[in-house]
There are 2 protein chains.
Amino acid sequence: LNRIKASGLKLRFCTNETQATREKFVKKLQGMGFDISVDEVTAPAPAACRILKERSLRPHLLVHNDLIPEFAEIDKANPNCVVIGDAAENFTYANLNEAFRVLIGMEKPVLISLGRGRYYKETDGLKLDVGAYMKALEYACDVQAEVVGKPAKMFFESALAEMEVPPQQAIMIGDDIVNDVGGAQRCGMRALQVRTGKYRPCDENHPHVKPDAYVNNLAEAVDIILQQL
Amino acid sequence: LNRIKASGLKLRFCTNETQATREKFVKKLQGMGFDISVDEVTAPAPAACRILKERSLRPHLLVHNDLIPEFAEIDKANPNCVVIGDAAENFTYANLNEAFRVLIGMEKPVLISLGRGRYYKETDGLKLDVGAYMKALEYACDVQAEVVGKPAKMFFESALAEMEVPPQQAIMIGDDIVNDVGGAQRCGMRALQVRTGKYRPCDENHPHVKPDAYVNNLAEAVDIILQQL
């Protein structure tokens, strides 16, 4: 990471985290020794805010309490769309009905989802993720959600816009064959898969996605990138 | 109704009601003057019980409290399937995660849904119906629910089995072009659509379903049926 920064290359961290603000996320990584600041992080909530502003959308929010500060500057009066994130304990019967009523009351319902995950594991067991509740609202209102977050094209486009870099001049490094590699490539970027973290050997036989190269770790990815400058 | 009963024809009432037991449903209709008893009613919950028994399934229930008595005789220990109904206030975050964990823990998840409704209206506003929560669990577990209730084939088959009548000798009378008429016909029955209740003139141009005949009301349907005896 320090070598990339020293080289003068522009850098963004792309995460699908929606249970907390970027501030919290960055503090965690700083605690682990990473040189990272909030304005280097692309996450679904700020990407959604960008879209909301561009399209003059005023959201009804169904998100985690800890994420609400990300939407502080957004006009939320008289909503004309619904934004759903991993709301966890906020996924109550009343809150779901409320979000549904806002949606069904629109002439053309607009549902923006901060991810499409099915479920995830916490210390007290498996939990339904935002994707499941997104499907419930999609079915009830006969709409298709617009998904922000990896692997959505507009998520990578947000990151590129923030760096002011065209996709041909950017490279993605990630461990997730579909969300990281596939998503970035569909956006016109090149992508390296690191053989760490989520990586599994069967990824190398993926039916649709083929990385531009494999690397054994982040350091090796940096070597390759700096060699080509 | 009295004329059909006097003729000696067998009769069943088919409802998609899943927020209460048949007892409660029957009391309501008796109060309106109908000659009806509990054992003449086919509803999703008893139809599900029939399936559970046939396939030795032990359900984890995510249903309305008032519906639980319908499952009194069913073994629910160590569940090997999930039954979901319109649970209303019971659709809490905790209950949905629990039903999900039971499903995802199975080698081959079995999800039985007492309907596929999107939403319905109550005095305090629109509410998400069982179909929306069914979709959430389907997506999270990558399964397809088996739907009991109209228009599912096995729902009509349950009603026929209870009467011990083959489909060719049965006729459905209903106001819902898809749930009543279409469902019964797909099961090999003939079906009349009454031009009352849910009926709308545009039903007569339905792209897929064509009733065997239209009648202006229930009395006219009875006339036709009794003439053909």
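Parameters at a glance
- Residues numbered from 1 in each chain as written.
- Chains lettered and ligands numbered in written order.
- Predicted model: local features only at pLDDT ≥ 70, side-chain atom pairs only at ≥ 80, totals over all residues.
- Heavy atoms only, no water.
- Helix = DSSP H or I, 4+ residues; strand = E, 2+ residues; numbered from the N terminus.
- Rg over C-alpha atoms; globule rule 2.2 N^0.38 Å.
- Buried < 20%, exposed > 50% of the residue type's maximum accessible area, 1.4 Å probe, protein only.
- Contact = heavy atoms within 4.5 Å.
- Areas by Shrake-Rupley, 256 points an atom, 1.4 Å probe, with all protein chains shown as cover.
- Lys, Arg positive; Asp, Glu negative; His and termini not counted.
- Charge placed at Lys NZ, Arg CZ, Asp CG, Glu CD.
- 1 Å grid on protein atoms, 1.4 Å probe; cavity = no way out; pocket = protein on both sides within 12 Å on 5 of 7 lines; lining within 4 Å.
- Points joined across faces, edges and corners; volume = space filled by probe spheres on them.
- Nonpolar A, V, L, I, M, F, W, Y, C, P; charged D, E, K, R; others polar.
- Pairing = 2+ DSSP bridges.
- Axes fitted to C-alpha atoms, helices over the stretch in contact; angles between N-to-C directions.
- Buried area = accessible area lost by both parts, 1.4 Å probe.
- Polar contact = N/O pair within 3.5 Å; in protein donor to acceptor, adjacent residues only side chain to side chain.

1. Observations concerning the overall build of chain A
Counting secondary structure elements, chain A contains 8 helices and 11 strands. The C-alpha atoms of chain A give a radius of gyration of 18 Å, which matches the 17 Å a tight globule of 229 residues would have. Along the longest, intermediate and shortest principal axes, the C-alpha atoms of chain A span 55 × 35 × 35 Å. Among the 229 residues that make up chain A, the fraction classed as buried is 50%. Contacts in chain A between residues at least 24 apart in sequence constitute 55% of all its contacts with a sequence separation of at least 6. Only carbon and sulfur atoms are counted for the fraction: they give 49% of the accessible area of chain A, which is about 11,300 Å². Side-chain charges in chain A split into 28 positive and 31 negative, and the spacing between the mean points of these groups amounts to 2 Å.

2. Things to note about empty space enclosed by the protein
Residues and elements named next belong to chain B. On inspection of all chains with the given rule, the structure shows 1 cavity of 30 Å³ or more. In this structure, the largest cavity occupies an estimated 40 Å³ of space. Every residue lining the largest cavity is listed: Thr15, Glu17, Ala20, Thr21, Arg22, Phe25, Ala43, Ala45, Pro46, Leu67 and Glu70. Listing elements by their share of the lining of the largest cavity, those giving two or more residues are helix H2 (22–31) and helix H3 (44–54). Counted by class, the lining of the largest cavity contains 6 nonpolar, 2 polar and 3 charged residues.

3. So, the sheet that holds strand E5 (residues 111–113) of chain B
Residues and elements named next belong to chain B. One open sheet holds the 4 strands; their spatial order is E3-E4-E5-E8, and the pairing between them is parallel. Strands at the two margins of the open sheet, each flanked by one partner only, are strand E3 (59–62) and strand E8 (146–147). Bridge count for E3 against strand E4 (residues 81–84) is 4 bridges, and the pairing is parallel. Residue pairing for E4: Pro59 is matched across the bridge by Cys81. Packing against the sheet, helix H4 (residues 93–104) makes contact with E3, E4 and E5, and its axis sits at approximately 160° to E3.

4. Examining the interface of chain A and chain B
On the side of chain B, 28 residues touch chain A, which itself brings 28 residues to the contact. When chain A packs against chain B, the two sides together hide about 2,700 Å² of surface, and 64% of this comes from carbon and sulfur. Looking at the side of chain A facing chain B, the largest losses of area belong to Tyr93, Leu128 and Tyr139 of chain A, adding up to 32% of the total buried there. Along the contact surface separating chain A from chain B lie 8 residue pairs in polar contact (both at pLDDT 80 or more). Where the side of chain A that touches chain B is concerned, the elements lending two or more residues are helix H4 (93–104), strand E6 (119–122), strand E7 (125–128) and helix H5 (130–141) of chain A. By residue number, the principal contributor to the side of chain A that touches chain B is H5 of chain A, which donates 8 residues.

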